[in-house]
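Read off the chains here:
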Amino acid sequence: MFPNSSNLGRPPFHPKYQQPSNFFKLPFNLSPTLSHQQIIDTQFNCQNVDLPRTLLGGNLSPIPAQSLSYGNGSPIRTSTSPVFRGRKRLSNEQNVPLDVKRQRFHSPHHESTVANQTVPLPDERRYSAPGSVTPPLLHSYYVPDLVRSVPPFREAPFSEPREITLPVAKDELSQQVLNVFQVCQQRTCDLKKKELCRTQLQREIQLIFPQSRLFLVGSSLNGFGTRSSDGDLCLVVKEEPVNQKTEARYILSLVQKHFCTRLCYIERPQLIPAKVPIVKFRDKVSCVEFDLNVNNIVGIRNTFLLRTYAYLESRVRPLVLVVKKWASHHEINDASRGTLNSYSLVLMVLHYLQTLPEPILPSLQKNYPESFSSSMQLHLVHQAPYTIPPYLSKNGSALGDLLLGFLKYYATEFDWNNKMISVREAKALPRPDGVEWRNKFICVEEPFDGTNTARAVHEKQKFDMIKDEFLKSWHRLKSKRDLNSILPLRATMQNR
């Protein structure tokens, strides 16, 4: 039901911390760390995926070979044949610092990191970052027992989910939607590259916070990812909520310094002090951009809620992916510029499918409250998708008709002024009176914490632009019945 998810995005635990606990009993059985040759094979196989070229009408440009490096200073180059290297240092290594050349990444004699030495924790709470330097100004952000408050996980078997078949295209427009989905959907090799980076980063972060856990979340795991999707990471440091303005920023400042001073494969780590602060960076090995947050637990919960919706009905994933590509092309899919984020777009599609005269999706939180409770312990969250049977809808609408209906619904039918989109209730609810909802033009309820996921749309000009794109695209697609009229297919499938 959920392909390629048996052991990805879920951190293994060091035997040192394998102790009984009532919190975070890790339900994932992760394989050992990949070898360098496996890294090479993964990237080589990913680069040579046989895409349906007939869909593109031509050949895609090959992806050039890249130098890979995790942990040490020696590059790993993709190649179809092994190359023997003797003990003599190659010429291109002459300028590599001695400590990078000589250190062994996982050696027990490896020196403590620069980040640990220069950004110590207060003496009375120094559990994981040794050092003797006077604590910096960020000392006021530190929370007592930050590290010890995270109990160890316990590993458990994780069953392989079953696959579902794609819908049959009943017309040309539906076939175009399927073509875009088949070419642009995230592949196994894309997910493995993100998981490999997560594994390496967790090992590094545990040098600062030994019992922390790093989770892969968002579109990489929720079933709606594309080949160009960024990676989202959630660093869990303790069971209790973290103050995002103080604690989270302090923790991320330590992580950022560690990335800057130790990890040569991490590029441009930048701390972004948003409502939920993040560290943005690029992994040179996988060439993936990542956003890392601290203790944003709701992101782990909604990842598995959306994953359940994604595989509950075969038409959901293709429709969501095309809507995301359409919104990106028309520049209404960028929260940093006052438009919709991808999460809100996904919720808007799910809401539309729930509110049809003959619904294609139910409300999972209403039908299965025990499986999607916001109070469920985190180590049980991943089990929810496996307890939900497939949804059999009587609605037989084709993908093309559903795309048209989606555009029409938000262009002409939805009451933006008085209603809020709610996937939790599977209907449009009256707008709340809270401060967060005032002066907001689009209200989309987060299914677990009830916040507004579309709060970035706070300018009328941007709101009018979004509504205008829905209306114009609906008229064009209705008259031409050609996806090219609202989304350039060849460019979309080449960019993936």
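Within an unreviewed UniProt entry, the label attached to the protein chain reads Poly(A) RNA polymerase GLD2, and the organism entered is Phascolarctos cinereus. If you open the UniProt record of the protein chain and go to Subunit (unreviewed entry), you find "Interacts with CPEB1, CPEB2, CPSF1 and PABPC1. Interacts with QKI isoform QKI7; promoting recruitment to miRNA miR-122 and miR-122 stabilization." Turning to the protein chain, the UniProt record has this under Sequence similarities (unreviewed entry): "Belongs to the DNA polymerase type-B-like family. GLD2 subfamily."

A. Local environment of the packing of helix H5 (residues 172-184) against helix H10 (residues 316-329). For the pair H5 and H10, the least separation of the axes is 9 Å and the interaxial angle reads 85°. The orientation of H5 relative to H10 falls into the category roughly perpendicular. Where H5 approaches H10, its residues Val177, Leu178, Val180, Phe181 and Cys184 are matched on the opposing element by Arg317, Pro318, Leu321, Val322 and Lys325. When its residues are assigned to classes, the contact of H5 with H10 shows eight nonpolar, no polar and two charged.

B. Spotlight on the sheet that holds strand E7 (residues 288-294). Pairing is mixed across the open sheet formed by five strands, whose spatial order is E3-E4-E7-E6-E5. In the strand order of this sheet, the two ends are held by strand E3 (213-217) and strand E5 (266-272), each with one partner. Averaged over all neighbouring strand pairs, the angle between strand axes comes to 25°, with direction disregarded. Alignment of strand E4 (residues 231-236) against E7, held across five bridges, turns out to be parallel. Counterpart to Asp232 in the pairing with E7 is Asp291. Most of the contacts of helix H6 (residues 188-205) go to E3, to which it runs at about 160°, and overall it touches E3, E4, E5, strand E6 (278-283) and E7.

C. Representation of the pattern of salt bridges in the model. If you walk through the whole model with that rule in mind, you get 20 salt bridges. Residue Asp334 pairs with Arg337 through a salt bridge whose shortest N-O separation is 3.7 Å. In this structure Arg337 comes out as exposed when scored by relative accessible area, which is 60%. One salt bridge in this structure joins Lys460 and Asp464, with 2.9 Å as the shortest N-O distance. Within this pair, Lys460 and its partner Asp464 are both found in helix H15 (residues 460-480), separated by four residues, close to a single helical turn. By sharing partners, the salt bridges in this structure join Glu267, Arg268, Arg282 and Glu289 into a single network.

D. The packing of aromatic side chains, seen in detail. Counting across every chain of the model gives 15 aromatic pairs. The interplanar angle of 35° and the centroid separation of 5.6 Å between the aromatic rings of Tyr410 and Trp416 together place this pair among those described as tilted. Taken as a pair, Tyr410 and Trp416 share a single burial class, namely buried. Ring geometry for Phe414 and Trp416: centres 4.8 Å apart, planes at 70°, overall edge-to-face.

E. Spotlight on the side chain of Ser422. Assignment of secondary structure puts Ser422 in strand E8 (residues 419-422). At 2.7 Å, the side chain of Ser422 forms a polar contact with the side chain of Glu445. Discounting chain neighbours no more than four positions away, the residues touching Ser422 are His351, Gln354, Lys427, Leu429 and Glu445.

F. Seen up close, the packing of H5 against helix H14 (residues 399-413). One can describe the packing of H5 onto H14 by two numbers: an axis separation of 7 Å at closest approach and a directional angle of 85°. With respect to their mutual orientation, H5 and H14 come out roughly perpendicular. Contacts from Leu173, Ser174, Val177 and Leu178 of H5 reach H14 at Leu399, Gly400 and Leu403. Of the residues belonging to the contact of H5 with H14, the class tally is five nonpolar, two polar and no charged.

How each quantity is defined
- Residues numbered from 1 in each chain as written.
- Predicted model: local features only at pLDDT ≥ 70, side-chain atom pairs only at ≥ 80, totals over all residues.
- Heavy atoms only, no water.
- UniProt positions renumbered as here; feature names shortened; annotations may be inferred.
- Axes fitted to C-alpha atoms, helices over the stretch in contact; angles between N-to-C directions.
- Helix = DSSP H or I, 4+ residues; strand = E, 2+ residues; numbered from the N terminus.
- Parallel < 35°, antiparallel > 145°, perpendicular 65-115°, else oblique.
- Contact = heavy atoms within 4.5 Å.
- Nonpolar A, V, L, I, M, F, W, Y, C, P; charged D, E, K, R; others polar.
- Pairing = 2+ DSSP bridges.
- Salt bridge = Lys/Arg side-chain N within 4 Å of Asp/Glu carboxyl O.
- Buried < 20%, exposed > 50% of the residue type's maximum accessible area, 1.4 Å probe, protein only.
- Phe/Tyr/Trp six-rings, centres within 6.5 Å; stacked < 30°, edge-to-face > 60°.
- Polar contact = N/O pair within 3.5 Å; in protein donor to acceptor, adjacent residues only side chain to side chain.

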